[in-house]
Amino acid sequence: MHRRTSAILILAAILLFPACDTGSPADASSADDAGACSPGVLEADLESAFGLVGPGVDPETGALAPPGPEGYIVSSTYGQAQPTPAAQARFGELIGDIVPELMNNPGVVAFELRSSASCGSGRTLAIWRDAASMYAFVASTPHTTAMAEADQVTMPGFRTTHWMAHDLAETSWSAAAEHVAADAD
């Protein structure tokens, strides 16, 4: 990607995550709640920071290339930033550090960040060529730093998961919500 595009993506991620509302989320549900603001329910006002991006995305249509015979590995996260300005600022910094790591990983096929202002939540969806690439990202300094600080900047119920996808339906946001909800602690 061009340097200007990279800067725009990082700025969008920082501004989008955390969500605009610094008060309590509309329905600060527990990890097991099936309410409107829970891991398994896509928020009605879920907005994308910049759409699906990456080398596996057709720049003309925005469509993801179908997986090959080996399939894709898909990872997803769900979390609500704590409703304090300090926690939200740090959350944004952590996301800002992670985005370039994703963009520079040669195994990333595509990724997207989304957030909900009404729930104060954020979601990620990353599509990987192989497990080695995903685990290299997981072990990267920006990611390990973010995971180490997750308890300090997110509400209880932060989730992360991954699965194999052999068709495009398994790479959707709906599939991500189902997997995130199914992988409860």
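Structure's up top.
Summarised in this report is the structure supplied together with it. (Residues numbered from 1 in each chain as written. Predicted model: local features only at pLDDT ≥ 70, side-chain atom pairs only at ≥ 80, totals over all residues. Heavy atoms only, no water.)

Digging into the overall build of the chain
Right, on to step 1. Regarding its fold elements, the chain presents five helices and five strands.
Right, on to step 2. Along its sequence from the N terminus, the chain presents helices and strands in the succession α-β-β-α-β-β-α-α-β-α.
Right, on to step 3. Going through the 185 residues of the chain one by one, you find that 45% of them count as buried.
Right, on to step 4. Pairs at least 24 residues apart make up 78% of the contacts formed inside the chain by residues separated by at least 6 positions.
Right, on to step 5. Accessible surface for the chain amounts to roughly 9,000 Å². Of this, 58% is attributable to carbon and sulfur atoms. (Helix = DSSP H or I, 4+ residues; strand = E, 2+ residues; numbered from the N terminus. Buried < 20%, exposed > 50% of the residue type's maximum accessible area, 1.4 Å probe, protein only. Contact = heavy atoms within 4.5 Å. Areas by Shrake-Rupley, 256 points an atom, 1.4 Å probe, with all protein chains shown as cover.)

Here we look at the pattern of salt bridges
Right, on to step 1. Counted under the stated rule, the structure contains five salt bridges.
Right, on to step 2. A salt bridge links aspartate 130 to arginine 129; its shortest N-O distance comes to 3.2 Å.
Right, on to step 3. Relative accessible area serves as the criterion here: at 23%, aspartate 130 is assigned to the partly exposed category.
Right, on to step 4. Put simply, Arg90, Glu93 and Glu149 are held in one network by salt bridges that share partners. (Salt bridge = Lys/Arg side-chain N within 4 Å of Asp/Glu carboxyl O.)

Quick notes on the sheet that holds strand β3 (residues 108-116)
Right, on to step 1. The strand order across the open sheet built from five strands is β1-β3-β4-β2-β5, with neighbouring strands paired in antiparallel fashion. Because the sheet does not close on itself, it has two edges, and the strands there are β1 (47-48) and β5 (159-165).
Right, on to step 2. In terms of strand pairing, strand β2 (residues 72-80) meets β5 through seven bridges, oriented antiparallel. Note on β5: the bridge partner recorded for valine 74 is tryptophan 163.
Right, on to step 3. Across the sheet, helix α5 (residues 173-182) is in contact with β2, β3, β4 (121-128) and β5; its angle to β5 comes to roughly 120 degrees. (Pairing = 2+ DSSP bridges. Axes fitted to C-alpha atoms, helices over the stretch in contact; angles between N-to-C directions.)

Looking at helix α3 (residues 131-138)
Right, on to step 1. Within α3, the full set of buried residues consists of Ser133, Met134 and Phe137. Angular distribution of buried residues about the axis of α3 spans 100 degrees; they occupy a single face of the element.
Right, on to step 2. For α3, the elements touching its buried residues are β2, α2 (85-103), β4, α4 (141-153) and β5.
Right, on to step 3. Its side-chain oxygen 3.4 Å from the backbone nitrogen of alanine 132, aspartate 130 forms the N-cap of α3. (Arc of directions from axis to C-beta. Polar contact = N/O pair within 3.5 Å; in protein donor to acceptor, adjacent residues only side chain to side chain.)

Looking at the state of the cysteines
Right, on to step 1. The tally for this structure, following the rule as stated, stands at one disulfide.
Right, on to step 2. Between the sulfur atoms of cysteine 37 and its disulfide partner cysteine 119 the distance amounts to 2.0 Å. Because the torsion about its S-S bond is -75 degrees, the bridge between cysteine 37 and cysteine 119 counts as left-handed. On the criterion of sequence distance, the pair formed by cysteine 37 in the loop between α1 (3-16) and β1 and cysteine 119 in the loop between β3 and β4 is long-range, its members being 82 residues apart.
Right, on to step 3. Judged by relative accessible area, cysteine 37 falls into the buried class, the value being 3%. (Disulfide = S-S within 2.5 Å.)

Let's talk about the environment of alanine 177
Right, on to step 1. As for its position among the elements, alanine 177 is in helix α5.
Right, on to step 2. On the basis of relative accessible area, alanine 177 is assigned to the buried category, the value being 2%.
Right, on to step 3. A sequence separation of 137 residues divides alanine 177 from glycine 40, and the C-alpha atoms of the two residues are 4.6 Å apart.
Right, on to step 4. Once residues within four sequence positions are removed from consideration, alanine 177 is found in contact with Pro39, Gly40, Leu42 and Arg123.

Regarding the pairing of β3
Right, on to step 1. For β3, the buried fraction is high: eight of the nine residues fall into the buried class.
Right, on to step 2. Sheet analysis places β1 next to β3, joined by two bridges and oriented antiparallel. From the neighbouring strand, glutamate 47 faces β3, where its bridge partner is serine 115.
Right, on to step 3. Both β3 and β4 contribute to a ladder of eight bridges, which runs antiparallel. Across the sheet, residue leucine 113 finds its bridge partner in β4, namely threonine 124.
Right, on to step 4. Counting the residues in the hairpin turn of β3 and β4 gives four residues, including glycine 120, whose phi is positive at 65 degrees.

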